[in-house]
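Below are the chains, spelled out letter by letter.
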Amino acid sequence: MSRTELEYTRVGRGLKASQLDELPQLWNVLRGDMSFVGPRPIRPRFFEQLAGELPAYWQRLVVRPGLTGFAQVRRGYETSMAEKLAHDLEWIADRSVRLYLRTLFATALRVSRQTLHI
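This is a predicted model, so every value here is computed, not measured.

(A) Here's a closer look at the nonpolar core. By size, the foremost hydrophobic cluster in this structure holds six residues: Val37, Val63, Phe70, Trp91, Ile92 and Leu99. Of all hydrophobic cores here, the second largest spans five residues; its members include Phe47, Leu50, Leu54 and Leu85.

Written as structure tokens, this is what we have:
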């Protein structure tokens, strides 16, 4: 079942609203392909388009993509790609254990709030 099909079911809408639909990506974290925190992964065709529009976009590749990211915690889905890139680049430049843990904690709070409001 595709992600779009899941969003049309009651369960799928609930998973999407609570962001629990991201849980299968834990496998990618365990394999080492992703991190818990980092710029959100993007499909290659969108990457090529955005790299053409935003020259610094390729810099997101210097770190592993993450389940959650600085841009997602600070903003949300409705934020422009240029704004998300600015937050991603800030995270890449300033990344530290403290910032990593703060981002994880902020994500946990956000997911728990969204889960309780379903």
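(B) Main features of the packing of aromatic side chains. Under the defined criterion, the tally for this structure stands at one aromatic pair. A ring pair is formed by phenylalanine 47 and tyrosine 57, whose centres lie 5.5 Å apart and whose planes are at 50 degrees; its orientation type is tilted. Here phenylalanine 47, found in helix 4 (residues 44-53), pairs with tyrosine 57, found in the loop between helix 4 and strand 2 (66-68); they are ten residues apart in sequence, far enough to count as distant. Assigned by exposure class, phenylalanine 47 and tyrosine 57 land together as buried.

Definitions and limits used
- Residues numbered from 1 in each chain as written.
- Predicted model: local features only at pLDDT ≥ 70, side-chain atom pairs only at ≥ 80, totals over all residues.
- Heavy atoms only, no water.
- Core = buried A, V, L, I, M, F, W, Y, C linked by side-chain atoms within 4.5 Å.
- Buried < 20%, exposed > 50% of the residue type's maximum accessible area, 1.4 Å probe, protein only.
- Phe/Tyr/Trp six-rings, centres within 6.5 Å; stacked < 30°, edge-to-face > 60°.
- Helix = DSSP H or I, 4+ residues; strand = E, 2+ residues; numbered from the N terminus.

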